[in-house]
Amino acid sequence: MSEAQTPKDLWQTKLDEKLQSLKACQNEKNLQGCFTCKDILECQIRKDYVKAVYESMSKGQSGDFEF
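The structure presented is a predicted model; accordingly, all values stated were derived computationally and were not measured.

Enquirer: Could you give an account of the side chain of S56, naming the residues involved and the relevant values?
Expert: On the secondary structure map, S56 appears in helix α2 (residues 44-58). In this structure the side chain of S56 is engaged in a polar contact, spanning 2.8 Å, whose partner is the backbone oxygen of V53. Not counting residues up to four positions away in its chain, the partners in contact with S56 are W11 and L15.

So this is what it looks like as structure tokens:
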């Protein structure tokens, strides 16, 4: 992490990376979203994305989210 990059930027960067991976998977499988994918329950890409969403909301802290 560079000195100019704040922790907030770090969480957003991680989320953006996971979103790109998720979209690439959907494009590869020619899907509009994950809900129509047969692998949705076992998909590590989706699990990583969901985790990144929660981490970006909480900025890596455990406990309640600030909305």
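Structure's up, so let's keep going.
Enquirer: Give me the lowdown on the packing of aromatic side chains, citing residues and values where you can.
Expert: Within a pair of aromatic rings, the relevant descriptors are the distance that separates the centres and the angle that separates the planes. Scanning the entire structure with this criterion turns up zero aromatic pairs. One Lys or Arg, R46, reaches over the ring of F35 and ends 5.2 Å from the middle of that ring.

Enquirer: Which residues make up the environment of E17, and what values go with them?
Expert: Topologically, E17 is positioned in helix α1 (residues 7-28). Under the relative-accessibility criterion, E17 is labelled partly exposed at 48%. Spatially, the C-alpha atom of E17 lies 9.2 Å from that of A52, the residues being 35 residues apart in sequence.

Enquirer: Summarise unusual backbone geometry; cite the residues concerned and give the values.
Expert: Within the chain, N30 stands out as a residue other than glycine whose phi angle is a positive 55°. Along the polypeptide, N30 turns up in the loop between α1 and α2. Owing to a relative accessible area of 70%, N30 belongs among the exposed residues under this scheme.

Cut-offs applied
Residues numbered from 1 in each chain as written. Predicted model: local features only at pLDDT ≥ 70, side-chain atom pairs only at ≥ 80, totals over all residues. Heavy atoms only, no water. Helix = DSSP H or I, 4+ residues; strand = E, 2+ residues; numbered from the N terminus. Polar contact = N/O pair within 3.5 Å; in protein donor to acceptor, adjacent residues only side chain to side chain. Contact = heavy atoms within 4.5 Å. Phe/Tyr/Trp six-rings, centres within 6.5 Å; stacked < 30°, edge-to-face > 60°. Lys NZ or Arg CZ within 6 Å of the ring centre and 35° of its normal. Buried < 20%, exposed > 50% of the residue type's maximum accessible area, 1.4 Å probe, protein only.

In short, shape yes, function no, at least from these values alone.
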